[in-house]
Amino acid sequence: MTTQITSAPVAVEPRKGARRRPEASSAARVGRPGFLWALPATVFFALFAIAPLIMVAVLSFMSWNGLGSPEFVGLDNWSRLADDPVMLKSVWLTLLLTALGVVIQTPLSILLGVWAAGHQRNRAVLSVVYFIPLLLSATAVSVLWRALLDPNFGIPARATWLFGDGNLFGEQATAIGVLAFVSTWQFTPFHTLIYQGAARAIPQVLYQAAEIDGAGRYRQFFHITLPQLRNSVVTSMILMIVGGLTTFETVLILTQGGPGTDTTISAYYMYQKAFKGFDFGAGAAIALALVIAATIVSLIVVRVSGYDKMRSDMEGVS
Amino acid sequence: MKTRVRLPRLLACGATVALALSLTACGNGDGGGSSGDGKIHVLVYGDASNKVEKQIVDKFNKTSDVKAVLDTIPGADYQQKLQTIINTPQAPDVFFNWGGGSIQPFVKADLLMPLDDFIEKDPGLKANFLPSVFNSAVVDGKSYGVPMRGTQPILLFHNKQVLDKAGVKPPKTWDELLDAVKKLKDEGVTPISLGGGDRWPTLMWFEYLYDRVAGPELFEKALKGDKDAWASADSKKALSMLKELVDAGAFGKNYDSVKYTNGSSPALLASGKAGFELMGSWYYAQQQEDAKEFAETDLGYTAFPTVQGGKGDPTNVVGNTNNFYSVLKKTKHPEAVAEFLKLMYSDEFVKAQMAIGNLPTTTSTRKFLDTAADPEYSRFQYDLVAKAPSFQLSWDQAYPPSAITPIQQAVQQFFNGQLDADGFIKAMQALPTE
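Residues numbered from 1 in each chain as written. Chains lettered and ligands numbered in written order. Predicted model: local features only at pLDDT ≥ 70, side-chain atom pairs only at ≥ 80, totals over all residues. Heavy atoms only, no water.

Colleague: How would you explain the interface of chain B and chain A if you had to name every residue and give the values?
Modeller: A common way to report how large an interface is uses the accessible area buried once the components associate. With 50 residues of chain B in contact, the opposing surface of chain A contributes 56 residues. Between chain B and chain A, a total of about 4,500 Å² is buried, with carbon and sulfur atoms accounting for 59% of that surface. Run the count over chain B and chain A and you get 0 salt bridges. For the pair chain B and chain A, the number of links is 15 residue pairs in polar contact (both at pLDDT 80 or more). At the level of secondary structure, the elements contributing two or more residues to the side of chain B that touches chain A comprise helix H1 (2–27), helix H3 (78–85), helix H4 (104–108), helix H14 (264–270) and helix H21 (404–415) of chain B. Counting residues per element, the side of chain B that touches chain A draws most heavily on H1 of chain B, at 16 residues. In terms of residue class, the side of chain B that touches chain A is built from 20 nonpolar, 21 polar and 9 charged. (Contact = heavy atoms within 4.5 Å. Buried area = accessible area lost by both parts, 1.4 Å probe. Salt bridge = Lys/Arg side-chain N within 4 Å of Asp/Glu carboxyl O. Polar contact = N/O pair within 3.5 Å; in protein donor to acceptor, adjacent residues only side chain to side chain. Helix = DSSP H or I, 4+ residues; strand = E, 2+ residues; numbered from the N terminus. Nonpolar A, V, L, I, M, F, W, Y, C, P; charged D, E, K, R; others polar.)

Here is the structure:
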């Protein structure tokens, strides 16, 4: 960005070769982003992300209950985790919940986003209403749904034909279903917002041309809208995946990892180990494993989707 | 939204750990302590009981040169926050705890002062408290805590109206309880309300039944690391009785979706949808607040039923014996702390606690029972605790903190059938005991 702006005047008025060189180099010295420009961000990033990450990595090789000095135990925490059935289960559950989130939320938010991108007044009003869950904290949302889904005094008591005995939090399948539902309820609006913005940015001429060619609404959607939203799909999916891998509050409040360990996802397991069991070494190992997993998954999504090539979405160019 | 917040937060959690790590590394051997300023800091769990604690601190400060400062930590994070600061220069001189396993890591880390010297100088520091309560803050034969606040035995509460309608009397024996379950079920109500979503209410059933069937010795052995205790015949008998109760439909089918902490399981009892609920003595005050009318006319309470042929004394009690004040070894004013602790058995303290509904565990409490908010209820509780040969501290508090989650998971899984008796026994044998 900055490079373009500062170099632009130089490029526009090339008069005499003799004067160009010093001008360009002085502009470079003054305007080009050097290392110094990145220094504040680098310092903050190092201080608040890299340094703690390194410390967590170190801690994962130690045994520490929060009192006294940590003791170096080598790979003990890691080998314990590798043999821990709950850890393996938690990884599986985390992936399952993440996948559920992506599979449910992506189509839903594309449809809603494209719909909300229209310009009628009622859509604008409805969109605003619809975005309200986004304003609530995950904690508030979870407390709210826990109360609404109470088997004796909540919705299940009134709709026994649908909920049976209402034991939603007492069985694995339904407990996972509730978790997926609540995060869908809360985060679909956010992804809808992304798609709404992206859909509005699609040039109208494409639709006009399609209409002249006789394409109906469905063909327009599948052949123009959806391809044009490709980069937004990738962005939204990465957010969903990384968000899914680090989900925490909903589990903490809705199920506490239960019944048994049936909804104990990795992030919650880390919290249990470190802050309830005071086994900070094991907690650090889980945290580090999560960071590594999230990074790998993000990289895969970026690579597979071709997002890193930054192909243009402009009309006529592909 | 989600991602932007979450990942950094995860890192920040790690950072907190890491930073705390570096802090303690620097702070070791320093022994500074907050008491360098001529004050003693008293750290307590922040809630309604702080009213009395403030009163006591004010009284203490009137006569003492070393002034006491009351610090409160609100909310359920007390134990976590305490553990974070206890080894730093911000550590208090005196702090609130649950005795048993909750202070065991601190004792092990050599942070706490045994109170035996204090007791030698003033035997009243021990003699004025009920022994069954005082003993739950004894670790390795040394006293580490003085009781404060009130005792919280677990009682079997019931809805008088619901029981009358089903022709059921409050059960005195286990068989009567099973019979009551059947009759209540026929009436179409959930026999026993259970906040299984919170898990610790489920644990209460285990604590009582094990005590009645095997006596307190089984758990004491298990706590000391004797894994055979869990596999004993008594243990298996207790489990089979629990299984029988669950299978009889005593708790209905959706108890794991019900919580105590959001008022759902108490509401079942108050609204007449359930007959019984097993809960700590604080339940009474809870119902007074949530369902005043019900609490005043229809809320009944009894001790846990006896078990025929059980080895445990039928008058044994389980629950939270009381909360305790423990003292940090590095306090600069041990004399002032000793004086402060003496206030815990003063008449003024006892009266002030009773006025807010707490039941202190001093031997003098009996004298003041008539001044309690509800004398009848206080008397019932006091007699129960005073006569009890053993007062078993809740399992998840008797064990060290790292065992809390595995215990709660195991009891939940046994109730919902994910674990059979052998699976439960195995889970309990795997618990860390230190």
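Further notes follow.
Colleague: Tell me about the nonpolar core, and please be specific about residues and values.
Modeller: Grouped burial of nonpolar side chains is what soluble globular proteins tend to show. Counting 140 residues, the largest nonpolar core has Trp205, Phe206, Phe340 and Leu341 of chain B as the members making the most contacts within it. Take this core: its biggest share by element is 9 residues, from helix H10 (residues 200–214) of chain B. Counting the residues that make up this core, at least three belong to each of domain 1 (16–151 + 321–392) and domain 2 (152–318 + 399–429) of chain B. Those residues within four positions of Trp205 of chain B in sequence are excluded, and the remaining contacts are Leu156, Trp174, Leu177, Ile192, Leu194, Leu242, Leu245, Phe251, Leu278, Phe304 and Phe415 of chain B. With 18 residues, the next largest nonpolar core counts Trp145, Leu168, Leu254 and Ile265 of chain A among its residues. (Core = buried A, V, L, I, M, F, W, Y, C linked by side-chain atoms within 4.5 Å. Buried < 20%, exposed > 50% of the residue type's maximum accessible area, 1.4 Å probe, protein only. Domains from an automatic or database assignment.)

Colleague: Give me the lowdown on the UniProt feature "transmembrane region" (unreviewed entry) in chain A, citing residues and values where you can.
Modeller: All names here are of chain A. Per the UniProt record, "transmembrane region" (unreviewed entry) is annotated on residues 35–62, 91–116, 128–148, 168–187, 233–254 and 280–302. Between the C-alpha atoms that bound residues 35–62 there is a distance of 36 Å. The span itself is 89% helix and 4% strand. Structurally, residues 280–302 is divided into 100% helix and 0% strand, and its ends, taken at the C-alpha atoms, are 33 Å apart. (UniProt positions renumbered as here; feature names shortened; annotations may be inferred.)

Colleague: Mind laying out the pattern of salt bridges, listing which residues take part and the relevant values?
Modeller: For the coordinates displayed, the defined rule picks out 15 salt bridges over all chains. Note that Lys259 of chain B and Asp198 of chain B form a salt bridge whose closest N and O atoms lie 3.8 Å from each other. Note that Lys259 of chain B is positioned in the loop between helix H13 (233–247) and H14 and Asp198 of chain B in the loop between strand E8 (190–193) and H10, a separation of 61 residues in sequence. The same class applies to Lys259 of chain B and to Asp198 of chain B, which are both buried. One salt bridge connects Glu296 of chain B with Lys292 of chain B, and the closest N-O pair in it is separated by 3.1 Å. You can see Glu296 of chain B and its partner Lys292 of chain B sitting in helix H16 (residues 292–297), 4 residues apart, about one turn around the helix. With relative accessibility at 54%, the residue Glu296 of chain B sits in the exposed group. Through salt bridges with shared partners, a single ionic network connects Asp76, Arg80 and Asp279 of chain A.

Colleague: Quick one: what's the story with the UniProt feature "domain: ABC transmembrane type-1" (unreviewed entry) in chain A, residue by residue and with numbers?
Modeller: In the numbering used here, UniProt assigns the feature "domain: ABC transmembrane type-1" (unreviewed entry) to residues 91–301 of chain A. Measuring from the first to the last C-alpha atom of residues 91–301 of chain A gives 19 Å, for a span that is 78% helix and 0% strand.

Colleague: I'd like to hear about the packing of aromatic side chains, residue by residue, with values.
Modeller: Under the counting rule described, the total for this entry stands at 49 aromatic pairs over all chains. An angle of 35° between the planes, with centres 6.1 Å apart, marks the rings of Phe248 of chain A and Tyr268 of chain A as tilted. Of this pair, Phe248 of chain A sits in the loop between helix H14 (230–245) and helix H15 (249–254) while Tyr268 of chain A sits in helix H16 (residues 266–276), and the two are 20 residues apart along the sequence. The same class applies to Phe248 of chain A and to Tyr268 of chain A, which are both buried. An aromatic cluster is present here, built from Trp174, Trp205, Phe206, Tyr208, Phe251, Tyr255, Phe304, Phe414, Phe415 and Phe424 of chain B joined pairwise through their rings. (Phe/Tyr/Trp six-rings, centres within 6.5 Å; stacked < 30°, edge-to-face > 60°.)

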